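Below, each chain spelled out in residue letters.
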Amino acid sequence: MDAGRYDAIVVGGGHNGLVAAAYLAKKGARTIVLERRHKVGGAADTMAPWPEAPEFKVTTLSYVMSLMPDTIQNDLELARHGYRSVPVGPYFVPFPDGRCIVQADDDAQWNYDEFAKFSKRDADAIEQWDAWIGGLASVLGPLLMTTPPKMGSMSVADLQEQLRLVWRFRGLNVRGVADVTRLMTMSIMDILDRFFESDQVKTVMALNGLIGTWAGTYEPGTGYVMAHHSIGEVGDGHLGAWATPIGGMGAVSDALASSARSFGAEIRCDAPVERIVTVGGRVRGVALADGTELTAPIVVAATHPQITFLRQLDASDLPAEFVDDIRNWRSRSGTVKINLALDRAPVFTARPEQQDFTGGMELAHSIAYLEKAFEEARAGRPATAPFSDGVMPTYHDPSLAPEGAHIVSLFTQWCPAEWADEPDDAGLDAYADRVIAGYDELAPGFADSVLHRQVLGPHEMQQEWGLIGGNIFHGELSAEQLFHMRPAPGYADYRTPIHGLYQCSSATHAGGGVTGIPAYNCVREIVKDKRRRARRPAITIS
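Each chain carries its own residue numbering, running from 1 in the written order of its sequence. Local features in a predicted model are, by the rule used here, given only for residues with pLDDT of at least 70; side-chain atom pairs are given and counted only at 80 or more, and totals for whole chains, interfaces and linings are based on all residues. Derived side-chain values reflect all non-hydrogen atoms in the structure, with water molecules and hydrogen atoms excluded from consideration.

## Description of the overall build of the chain
Part 1 of the argument: Scanning the chain from N- to C-terminus turns up 16 helices and 19 strands.
Part 2 of the argument: The C-alpha radius of gyration computed for the chain amounts to 23 Å, which stays within 12% of the reference 24 Å derived for 542 residues, consistent with globular compactness.
Part 3 of the argument: The principal-axis extents of the C-alpha atoms in the chain amount to approximately 85 × 60 × 45 Å.
Part 4 of the argument: Relative to its full complement of 542 residues, the chain shows a buried share of 60%.
Part 5 of the argument: Whether two residues are in contact is decided by their heavy atoms, any of which lying within 4.5 Å being enough. Considering only intrachain contacts with a sequence separation of at least 6, the fraction spanning at least 24 residues in the chain is 73%.
Part 6 of the argument: Accessible surface, the chain as shown: approximately 21800 Å² in total, 51% of it carbon and sulfur.
Part 7 of the argument: Here the chain carries 49 positive and 67 negative side-chain charges, and the mean point of each set is 9 Å from the other. The helix and strand labels rest on DSSP assignments: H or I over at least four residues marks a helix, E over at least two residues marks a strand, and numbering proceeds from the N terminus. Note on method: radius of gyration uses C-alpha positions; expected globular size equals 2.2 Å times residues raised to 0.38. For every residue, the accessible area (1.4 Å probe, protein chains only) is compared with the maximum for its type, and the residue is labelled buried under 20%, exposed over 50%, or partly exposed between those bounds. In this description, accessible areas are obtained by the Shrake-Rupley approach with a 1.4 Å probe, and a residue is regarded as covered only by the protein chains that are shown. This count recognises Lys and Arg as positive and Asp and Glu as negative, with His and chain-terminal groups excluded. A charged residue contributes its charge at one atom only: NZ of Lys, CZ of Arg, CG of Asp or CD of Glu.

## Thoughts on the pairing of strand β16 (residues 387–391)
Part 1 of the argument: Most of β16 sits inside the fold, with five of its five residues counted as buried.
Part 2 of the argument: Taking every second residue as pointing to the same face, both faces of β16 are buried, with Phe-387, Asp-389 and Val-391 on one and Ser-388 and Gly-390 on the other.
Part 3 of the argument: By the bridge criterion, three bridges tie strand β15 (residues 361–363) to β16 in an arrangement that is antiparallel. Each bridged residue has a counterpart across the sheet, and for Glu-362 the counterpart in β16 is Asp-389.
Part 4 of the argument: Strands were regarded as paired on the criterion that DSSP finds at least two bridges between them. Pairing of β16 with strand β17 (residues 406–413) involves five bridges; the strand directions are antiparallel. Note on β17: the bridge partner recorded for Gly-390 is Leu-410.

## As for the sheet that holds strand β13 (residues 298–301)
Either a parallel or an antiparallel arrangement is found when strands of a sheet pair, and the pairing is made through backbone hydrogen bonds.
Part 1 of the argument: Ordered by their spatial adjacency, five strands build an open sheet running β9-β2-β1-β13-β19, and the pairing between neighbours is parallel. The sheet is open, and its two borders are formed by β9 (266–268) and β19 (501–503), each paired with just one other strand. The mean angle between the axes of side-by-side strands here comes to 20°, regardless of whether they run parallel or antiparallel.
Part 2 of the argument: Relative to β19, β13 runs parallel, the two being bridged by three bridges. Among the inter-strand pairings, Ala-301 is bridged to a residue of β19, identified as Gln-503.
Part 3 of the argument: In the packing of helix α1 (residues 15–26) onto the sheet, contacts are made with β1 (8–11), β2 (31–34), β9 and β13, and the angle to β2 comes to roughly 170°.
Part 4 of the argument: Lines fitted to C-alpha atoms define the axes here, with helix axes fitted over just the stretch in contact, and angles between the N-to-C directions of these axes take values from 0 to 180 degrees. Running at roughly 155° to β19, helix α16 (residues 517–535) makes contact with β13 and β19 of the sheet.

## Concerning the pattern of salt bridges
Part 1 of the argument: Any carboxyl oxygen of Asp or Glu within 4 Å of a side-chain nitrogen of Lys or Arg constitutes a salt bridge here. With the rule as written, the count across this model stands at 25 salt bridges.
Part 2 of the argument: A salt bridge links Arg-99 to Asp-97, with the shortest nitrogen-to-oxygen separation between them at 3.1 Å.
Part 3 of the argument: By relative accessible area, Arg-99 is classed as partly exposed at 37%.
Part 4 of the argument: In this structure, Arg-268 engages Glu-266 in a salt bridge whose closest nitrogen and oxygen atoms are separated by 3.2 Å.
Part 5 of the argument: You can call Arg-268 partly exposed: its relative accessible area is 26%.
Part 6 of the argument: Overlapping salt bridges, with partners in common, bring together Asp-493, Arg-495, Arg-524, Glu-525, Lys-528, Asp-529 and Arg-532 in one network.

## Structural notes on the layout of surface pockets
Leftover empty space is mapped by rolling, across the atoms, a probe with the size of a water molecule.
Part 1 of the argument: Considered as a void within the structure, the second largest pocket measures approximately 670 Å³ in volume.
Part 2 of the argument: The way it works is a 1 Å grid over only the protein atoms, where trapped points that fit a 1.4 Å probe form a cavity and open points with protein on both sides within 12 Å along at least five of seven lines form a pocket, and then any residue with an atom within 4 Å of a point lines it. Around the second largest pocket sit 28 residues that line it, and Tyr-502, Ile-526, Asp-529, Lys-530 and Arg-533 are the ones nearest its centre.
Part 3 of the argument: For the lining of the second largest pocket, the elements supplying multiple residues, two or more each, are β11 (282–288), β19 and α16.
Part 4 of the argument: Class assignment of the residues belonging to the lining of the second largest pocket gives a composition of twelve nonpolar, five polar and eleven charged. Grid points are joined across faces, edges and corners, and a volume is the space filled by probe spheres set on the points. Throughout this entry, Asp, Glu, Lys and Arg are counted as charged residues, while Ala, Val, Leu, Ile, Met, Phe, Trp, Tyr, Cys and Pro are counted as nonpolar. The remaining residues, Gly among them, count as polar.

## Examining the confidence of the model for the chain
Part 1 of the argument: Every residue carries a pLDDT, the predictor's confidence in it, which falls somewhere between 0 and 100. Residues of the chain with pLDDT of at least 70 account for 93%, and the chain-wide mean is 91.
Part 2 of the argument: Low pLDDT, under 50, characterises residues 233–240; the predicted model gives this stretch 24 contacts beyond four residues in sequence or across chains.

## Here we look at the packing of helix α4 (residues 120–140) against helix α6 (residues 174–185)
Part 1 of the argument: Orientation of α4 relative to α6, taken along the N-to-C sense of each, is 90°, at an axis distance of 11 Å. In terms of axis orientation, α4 runs roughly perpendicular to α6. Counted together, Trp-132, Leu-136 and Leu-140 of α4 and Asp-179, Val-180, Leu-183 and Met-184 of α6 form the full contact between these two elements. Throughout this description, any angle smaller than 35 degrees is read as roughly parallel, any larger than 145 degrees as roughly antiparallel, any in the 65 to 115 degree range as roughly perpendicular, and the remainder as oblique.

## Things to note about helix α15 (residues 458–465)
Part 1 of the argument: Every buried residue belonging to α15 is among Pro-458, Met-461, Gln-462 and Trp-465, and all of these are buried. The buried side chains of α15 occupy one side of the element, clustering within an arc of 115° when seen end-on.
Part 2 of the argument: If you follow the buried residues of α15, they end up packed against β14 (335–342) and β18 (450–456).
Part 3 of the argument: In the stretch just after α15, Gly-466 is the one whose phi turns positive, near 70°. To obtain the arc, one takes the directions from the helix axis to the C-beta atoms.

So this is what it looks like as structure tokens:
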């Protein structure tokens, strides 16, 4: 067998690339994964960042599991390959006045009592809110594992797909259509104002609309971001839930890599792809930075689309409109990941007995607090009082730190989007100081408990992990970048203008979070194309 010839090449060894490789190998394809970095996993990574304290391990960028369906976990036998997780804990939001809200995922009476501390009307509205979200989940959730049709195409096959989409929405009445429209176009605040009255409750409920997003609480489209993080119905009868993986996020990648190898996939690290090779509009393989060429009739790009189409391909090989769409693909972020090693668990004034911070310990004082942080960053200044979504995985997984010590993972916002290309090291350090001071205000002694810290801004995310703009979703989850527009109209079906070249990064449909769904959907389309080709009659020449 030709050592350089494969049935399928996967470019990028992040979690979606690994899922794609595992499925392709399981279906019998000789598959190789090519990863630029020294290890696989991409943003789903565990590392020991402090040489002087190797016993501390952090979840480097992504920090919780979200929405990976049981279908993928079972198909790839992830439990057999070492994947273990525990449900995240309650959401803890302390306020400067000494009060707090502790929100649980599965205890309606608990949540009622927590909201009632601020507004009985808001507590009464929880049931209505849950019913509204549940109704949207029943319609929108299954779309996560659906390939978007080519909207507007007049071909018979594409029209059939569009009709199937319409049929999926047959259960929506006039009110249902209105609810979907509101979700897609309204800000999270405008939606919350329809249900709740107290600023504290609205602050808690707004957070899922902001995480990883270049948008404030009043920006249109943040309603969908909230739903993307919340509804979780992935189309196989399982309501997705957030989970803390044992061993950090890198353990998820390790399990995926082990699964892919068990099916026969080859994984090669320190193997940056310089160019995707095409001939006559069809993919032929890839050329590595060291000059090595590998050939395959199928190449799957699990990288940011601006890397795939603007760096690894020539613009002359692609339609001009497509190139323009990719150039204008919005991938801003303003996020800063701060990983801390603590010599003790934090104690918050608002709830000294609280110990489980795996579900979040938030730095989010009010709606005005959140809005000001974003507006400052939009104006080109790092937030004076940043928003932070923090977790403490060592509560469930003490293997990440020495006994009695803890790891805290802080996903914070916002710094200027320009920092992705024009980093400000001094500004980044000062920003991290303000985040730590913010927690110290709520949990006195927090700053003194910090033994080590790692601060990763959008520039580091862009340069080291290929997250253009530092965007964890490979592109903003805004209304004009969803479903049939993700990442470009006419190419949201995981195919590309190059025959045999497919895409499965988080910039494709259902991307955002460590789910594996884009890769799952992509391989399904690859298999469909293979079956179509097999059904075509052979051409004979007499």
